[in-house]
Amino acid sequence: MDSKEAQSQIAQMISFIASEAQDRANEIQKKGEEEFSIEVHRLITEQKEKVRQTYEKKVKQIETQYAIAKSMAINKQRLEKIKARQEVMHKIEGD
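Residues numbered from 1 in each chain as written. Predicted model: local features only at pLDDT ≥ 70, side-chain atom pairs only at ≥ 80, totals over all residues. Heavy atoms only, no water.

A.B. asks: Hey, could you run me through the overall build of the chain in this one?
C.D. replies: Helices and strands together make up the secondary structure of the chain, namely one helix and zero strands. Here the chain has a C-alpha radius of gyration of 41 Å; the compact-globule value for 95 residues is 12 Å, and the former is much larger. For the chain, the spread of C-alpha atoms along the principal axes amounts to about 140 × 10 × 5 Å. When burial is assessed residue by residue, the chain has 0% of its 95 residues classed as buried. About 9400 Å² of surface is accessible on the chain, with carbon and sulfur atoms providing 59% of the total. One finds the centroid of the 18 positive side-chain charges in the chain at a distance of 16 Å from the centroid of its 17 negative side-chain charges. (Helix = DSSP H or I, 4+ residues; strand = E, 2+ residues; numbered from the N terminus. Rg over C-alpha atoms; globule rule 2.2 N^0.38 Å. Buried < 20%, exposed > 50% of the residue type's maximum accessible area, 1.4 Å probe, protein only. Areas by Shrake-Rupley, 256 points an atom, 1.4 Å probe, with all protein chains shown as cover. Lys, Arg positive; Asp, Glu negative; His and termini not counted. Charge placed at Lys NZ, Arg CZ, Asp CG, Glu CD.)

This is the structure we're talking about:
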């Protein structure tokens, strides 16, 4: 084997190794991008769920406040009605 053939064979081996390395690097890059995409999707889904839960909690809190306010208003009306009746009864007793 002469020097030219040896150089040619070395060049072929170098080319093959570089090609294999490039293919492996591309595989690693693709796998990394897929993992990144999966992680981003997971984080987005997780944050959407947190937002939804927060929204539901706030809605429930507002509904509770509304129910309390409504109940207080009804009770206030009842007390006013009772007070008016008592005033009328005292007036009648006084006559």
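Picking up after the structure, the text goes on.
A.B. asks: Which parts of the structure should I look at to understand a nonpolar patch on the surface?
C.D. replies: Taken together, the side chains of I10, M13, I14, F16 and I17 present a nonpolar region at the surface, about 520 Å² in accessible area. In this fold, I17 is placed in helix 1 (residues 3-94). (Patch = residues over 30% accessible without salt bridge, like charges linked within 9 Å, V, L, I, M, F, W, Y side chains within 5 Å. Salt bridge = Lys/Arg side-chain N within 4 Å of Asp/Glu carboxyl O.)

A.B. asks: How should the pattern of salt bridges be read in this particular structure?
C.D. replies: Note on pairing: side chains with opposite charge can pair once their charged atoms come close. According to the stated counting rule, one finds five salt bridges in the structure shown. Residues R42 and E39 are paired through a salt bridge, measuring 2.5 Å at the closest nitrogen-oxygen approach. Of this pair, R42 and E39 both sit in helix 1, three residues apart, roughly one helical turn. With a relative accessible area of 39%, R42 lands in the partly exposed category. Each of the salt bridges in this network shares a partner with another, and the network as a whole consists of E39, R42 and E46.

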